[in-house]
Amino acid sequence: MQRVLFTVTAQDQGWQLYEGEHGRFWFNDRAEALHTARVIASNLHVQHGIRSAVVMDMAGREAVLVSRHG
């Protein structure tokens, strides 16, 4: 079974939250972006049994796993 991937990445003067390849939300604050990503990923797993993960894009370096669900 595949895992839905949520990625938080720096964009201009804020943070973009992607679901797979699709940009979903934009935030001014990094902590708010990470919190929202974790909540969405966790609820996706709890409510629908879909495996998910949140990663932080490190601008050209290896991405960091923030949380994993399922």
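Conventions adopted
Residues numbered from 1 in each chain as written. Predicted model: local features only at pLDDT ≥ 70, side-chain atom pairs only at ≥ 80, totals over all residues. Heavy atoms only, no water. Core = buried A, V, L, I, M, F, W, Y, C linked by side-chain atoms within 4.5 Å. Buried < 20%, exposed > 50% of the residue type's maximum accessible area, 1.4 Å probe, protein only. Helix = DSSP H or I, 4+ residues; strand = E, 2+ residues; numbered from the N terminus. Contact = heavy atoms within 4.5 Å. Polar contact = N/O pair within 3.5 Å; in protein donor to acceptor, adjacent residues only side chain to side chain.

Enquirer: Where do I start with the nonpolar core in this structure?
Expert: Most often, soluble globular proteins have nonpolar side chains that are buried together. Core analysis: the largest hydrophobic core is formed by 12 residues, namely Phe6, Val8, Trp15, Leu17, Phe27, Ala33, Leu34, Ala37, Ala41, Leu44, Val54 and Met56. Among the elements of the structure, β1 (4-11), β2 (14-19), α1 (30-48) and β4 (52-58) are those that each provide at least two residues to this core. At five residues, the largest contribution of residues to this core is made by α1. Beyond its immediate sequence surroundings of up to four residues, leucine 44 is in contact with Val4, Phe6, Gly49, Ile50 and Ser52.

Enquirer: Would you explain the environment of glutamine 16 in this entry?
Expert: Position of glutamine 16 among the secondary structure elements: in strand β2. Each C-alpha atom of the pair glutamine 16 and glycine 60 lies 16 Å from the other, and the pair is 44 residues apart in sequence. If near-sequence neighbours (up to four positions away) are discounted, glutamine 16 is found in contact with Thr7, Val8, Thr9, Gln11, Gly23, Arg24, Phe25 and Trp26. Separated by 3.1 Å, the side chain of glutamine 16 and the backbone oxygen of phenylalanine 25 make a polar contact.

Enquirer: Before we go on, may I ask you to explain unusual backbone geometry in this structure?
Expert: Most of the time, phi is negative for any residue but glycine, and the peptide bond is trans. For aspartate 12, which is not glycine, the phi dihedral falls at a positive 50°. Note on placement: aspartate 12 falls in the loop between β1 and β2. Positive phi outside glycine occurs at alanine 59, with the angle close to 50°. Along the polypeptide, alanine 59 turns up in the loop between β4 and β5 (61-69).

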